[in-house]
Amino acid sequence: MSKRDDLIAKYATDLKDKCGVDVDMDLLTKVTIGCGPSIYNADASTVSGSDQSELATVKNNFLIKKLGLSESDDLDGAIAAVIEKYGKSNRNKYRAVVYYLLTKHFSKESIYS
């Protein structure tokens, strides 16, 4: 298996074990590929749930630019709900998992088809 396949398997395990989610592997693979090379960088591959600038980046670069959502869609509430679901005390919140959960939250799977 490639390094990316190993990471996707790790993300799927996180989604099942920490979030209690039945994983759509096709969507998870596409979201992971969409993250680009950041998944290979230890710092960039995770999201800090307590860093406001990090959460603003998720909101602006992913929710608004990638998913095409507007500020009126309660983006901050959705991010908070996803961070809560993933576990606030969980130190390693993988970016691909957070993006997968946000994509599902807003039913924007069609962006990746």
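My aim in this report is to walk through the structure given alongside it, one point at a time. (Residues numbered from 1 in each chain as written. Predicted model: local features only at pLDDT ≥ 70, side-chain atom pairs only at ≥ 80, totals over all residues. Heavy atoms only, no water.)

Taken as a whole, this structure holds 7 salt bridges when the rule is applied. E84 is the partner of K88 in a salt bridge, and the nearest nitrogen-oxygen pair spans 3.7 Å. Between K104 and E109 there is a salt bridge whose closest N-O contact spans 3.6 Å. A cluster of three or more residues bridged by salt bridges with shared partners is formed by K59, E71 and D76. (Salt bridge = Lys/Arg side-chain N within 4 Å of Asp/Glu carboxyl O.)

It is the contact of helix α4 (residues 75–86) with helix α5 (residues 95–105), at a shortest axis distance of 10 Å, that shows an interaxial angle of 125 degrees. Between α4 and α5, the angle falls in the class oblique. Considering only the axes of α4 and α5, their crossing is right-handed. Along its contact with α4, which presents A78, I79, V82 and Y86, the element α5 presents V97, V98, L101, L102 and H105. Partitioned by chemical class, the residues of the contact of α4 with α5 number 8 nonpolar, 1 polar and no charged. (Axes fitted to C-alpha atoms, helices over the stretch in contact; angles between N-to-C directions. Helix = DSSP H or I, 4+ residues; strand = E, 2+ residues; numbered from the N terminus. Parallel < 35°, antiparallel > 145°, perpendicular 65-115°, else oblique. Left-handed = near helix turned anticlockwise from the far one by under 90°. Contact = heavy atoms within 4.5 Å. Nonpolar A, V, L, I, M, F, W, Y, C, P; charged D, E, K, R; others polar.)

The next point concerns unusual backbone geometry. Positive phi values are uncommon outside glycine, yet D74 reaches one of about 55 degrees. Following the sequence through the fold, D74 ends up in the loop between α3 (52–66) and α4. One non-glycine residue, S107, lies in positive phi territory at about 50 degrees. Mapped onto the secondary structure, S107 falls in the segment after α5.

Running from N to C, helix α1 (residues 3–19) and α5 cross one another at 60 degrees; their axes reach a closest spacing of 9 Å. Once α1 is placed against α5, the crossing between them reads as right-handed. Every residue of α5 that contacts α1 at Y11, D14, L15 and C19 is listed here: A96, V97, Y100 and L101. Of the residues that constitute the contact of α1 with α5, the class distribution is 7 nonpolar, no polar and 1 charged.

Looking at the element boundaries, G36 is found in the loop between α2 (25–34) and α3. The class for G36 is partly exposed, based on a relative accessible area of 23%. (Buried < 20%, exposed > 50% of the residue type's maximum accessible area, 1.4 Å probe, protein only.)

Applying the stated rule across the entire model yields 2 aromatic pairs. Summarising the aromatic geometry, the rings of Y11 and Y94 are spaced 5.3 Å apart at their centres and angled 45 degrees between planes, so their arrangement reads as tilted. Taken together, the positions of Y11 in helix α1 and Y94 in the loop between α4 and α5 put the pair 83 residues apart, joining distant regions of the chain. A relative accessible area of 13% means that Y94 is categorised as buried. Between F62 and Y99 the ring centres are 3.9 Å apart and the planes differ by 10 degrees, which places this aromatic pair in the stacked class. (Phe/Tyr/Trp six-rings, centres within 6.5 Å; stacked < 30°, edge-to-face > 60°.)

Counting 36 residues, the largest nonpolar core has Y11, L15, L28, L63, Y100, L101 and L102 as the members making the most contacts within it. Elements represented by at least two residues in this core include exactly α1, α2, α3, α4 and α5. The dominant element in this core, judged by the number of residues it contributes, is α5, at 7 residues. Excluding anything up to four places from it in sequence, Y11 contacts L28, T32, I39, Y94, A96 and V97. (Core = buried A, V, L, I, M, F, W, Y, C linked by side-chain atoms within 4.5 Å.)

In short, shape yes, function no, at least from these values alone.
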